Amino acid sequence: MAKTTKPKQYKSPTFIGSISSAWGALTKPGKQFYILEHKTASRYHKLGENQKIIVDRIEIGRDPRCAVRYDESFDTVSRRHAAIVRQGNRHRLINLSPTNNTLVNGKDIRDEWFLEAGDEIQLSLDGPRLGFIILQGKQSMMGSIFTRDKARLLMEQFIRPYRKTINILIIALILAIAGGTLLGIRLNGENKILNETITTQSEQIDNVIAKSNVLQEQILAAKKQHEIDSLAIEELKARPKPVLPPAIDKLIDEVEKDVYFIETKSFMKVKSEGGKIYDINIISGTGFMLGDGRFVTARHCVESWLFEPNEKDMKAIVLSEMLPDEYIVYSEIYAYKDNNLQFKLTSSDFKINRMFDVVHLEMEDGTPYLMRYPYPVSRYNIGSPIMWSQDWAVATVSGRSSSLHADFQAATSLHKGEEVHLLGFPERIGVQDGKSLIEPIYNKMTIARDGVDNSGCILTTKGSDYGNSGGPVFALRNNKLVVVGIVSRGTDSKQYDYIVPISQINQ
């Protein structure tokens, strides 16, 4: 275990020093990077996200300049809470907050700590947690990262903290050029040209500033696109392909045709504004067609705004619960196969069990508002167990054939140690390069306990990818693959998954 260090005076990174660090990140393929695993979901980072850190010094906190940033809802995280500084081949974690503590593996570090691979960082006793990861061998070197990904990471970890400084330098340079031009005109005494030049230079400055704003928007859009087709695809390619017995391999090929990549777009409609529609969220997932014409997926792939909502989702939920006749929240679900849109559904087309939903009265600044939760959630102190067994949604699609058979009895009689087989599209890469569909990814798992667990979901081992939600879980019965469950969610450790028994859709 790493030991505490003698406190050293911490100096915030300088602009010139950060440029040197950024240059080293781009030009030294043998330089090592590390990963921060987000074990707590926030507005800026998803649960389980692996954030690669390529610069020598970062700060963590709520300040917009921090490379690892948390939103204002994390009130026990200071604006500049902690820093991680490279020192040779080691990394120092430094507590910057005078009021909130920083912990490593549950121990208050007070001032500083040398981190080791596998350590867990926590910002205050009840605050968010981060895993400190260093990969082995060449995978930990800068040379293993694509150049475009390095550029994106530099935007996040270097450009953002100094965005204001860089904008000021750009404007100062423009003004200096403009000033030199104006001085030459004055010396020539050409007043008319002077006025025209001032106008032209002002327009040029406005254009540069406008282009700078557009560039920043393009950078953000590019960052989102990279989340779709870069990091997840790299991890997918690095994963060894499972070796299947010939019989299972053939059966998997037969059922793949009935598994669909789905994209869900959520909206809020406001009647008083002439039916104006506002975008809320876009997520991806998996669905499958049964032989009786029913299309099945996870409920949180249909009504995503109800599950750990972000800021936009929260506003939509509050308004739709308090004024349901005025504010309507709904989603459109697009099902793709073989690079083509196969059919489109809306959230109202799905049968969903809402008997466990909770409408909860909250108070904020003395103002009451209603919040609906799709199951009693303990973190909101409602006090009931989580009912993940209701994380299913089913709709009837006419004119669709399928060979998939659901075995409702087998769903509740699986045995510990029995193997099951999953097909699904990893998050946001169901459509690769924006157009071409990849085939669903196969995953083999093991049942961890007999039957169903206390929340009504079967617990499996090894864990599946984000985006597999709503996908089918198969068991082998009489030399055939039958559907026994629906992928619901994973745990923070990514070692376990909960699947909803397929028998639930007959409620």
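Any chance you could break down the overall build of the protein chain for me, citing the residues and the numbers?
Summing up its helical and strand segments, the protein chain has 9 helices and 27 strands in all. Split into buried and exposed, the 507 residues of the protein chain put 47% on the buried side. Sequence separation of 24 or more characterises 62% of the internal contacts of the protein chain that already satisfy a separation of 6 or more. About 25,900 Å² of surface is accessible on the protein chain, with carbon and sulfur atoms providing 53% of the total.

Can you explain the packing of aromatic side chains? Please cite residues and give values.
Counted under the stated rule, the structure contains 8 aromatic pairs. Ring centres of Phe261 and Phe425 lie 5.6 Å apart, and the angle between their planes is 80 degrees; on these two criteria the pair is classed as edge-to-face. In this pair, Phe261 sits in strand β12 (residues 259–270) while Phe425 sits in the loop between β20 (419–424) and β21 (431–432), placing the two residues 164 residues apart along the sequence. Given a relative accessible area of 3%, Phe261 falls into the buried group.

Describe the confidence of the model for the protein chain, naming the residues involved and giving the relevant values.
For the protein chain, mean pLDDT is 75; residues scoring 70 or higher make up 61% of the total. In this model residues 430–435 is a low-confidence stretch, pLDDT under 50, and it forms 13 contacts with partners more than four residues away in sequence or in other chains.

Could you give an account of the pattern of salt bridges, with specific residues and numbers?
As a working rule, side chains carrying opposite charge can pair if their charged atoms are close by. Across all of its chains, the model carries 16 salt bridges by this definition. One salt bridge in this structure joins Asp56 and Arg86, with 2.9 Å as the shortest N-O distance. Here Asp56 is found in the loop between β2 (50–53) and β3 (57–61), whereas its partner Arg86 is found in strand β5 (residues 82–87), with 30 residues between them in sequence. Linked by salt bridges that have partners in common, Lys31, Asp56 and Arg86 make up one network.

Describe the side chain of Asp119, listing the residues and the values that go with them.
Among the secondary structure elements, Asp119 is positioned in the loop between β9 (112–114) and β10 (120–123). Arg90 is the oppositely charged side chain nearest to the buried, salt-bridge-free Asp119, at an N-O distance of 8.1 Å. Among the polar contacts listed, one links the side chain of Asp119 to the side chain of Asn105, at a separation of 3.0 Å. At a separation of 2.8 Å, a polar atom in the side chain of Asp119 contacts the main-chain amide nitrogen of Glu116. If sequence neighbours within four positions are ignored, Asp119 has contacts with Val104, Asn105, Trp113, Phe114, Leu130, Gly131 and Phe132.

The rules behind each value
- Residues numbered from 1 in each chain as written.
- Predicted model: local features only at pLDDT ≥ 70, side-chain atom pairs only at ≥ 80, totals over all residues.
- Heavy atoms only, no water.
- Helix = DSSP H or I, 4+ residues; strand = E, 2+ residues; numbered from the N terminus.
- Buried < 20%, exposed > 50% of the residue type's maximum accessible area, 1.4 Å probe, protein only.
- Contact = heavy atoms within 4.5 Å.
- Areas by Shrake-Rupley, 256 points an atom, 1.4 Å probe, with all protein chains shown as cover.
- Phe/Tyr/Trp six-rings, centres within 6.5 Å; stacked < 30°, edge-to-face > 60°.
- pLDDT = per-residue confidence, 0-100.
- Salt bridge = Lys/Arg side-chain N within 4 Å of Asp/Glu carboxyl O.
- Lys, Arg positive; Asp, Glu negative; His and termini not counted.
- Polar contact = N/O pair within 3.5 Å; in protein donor to acceptor, adjacent residues only side chain to side chain.

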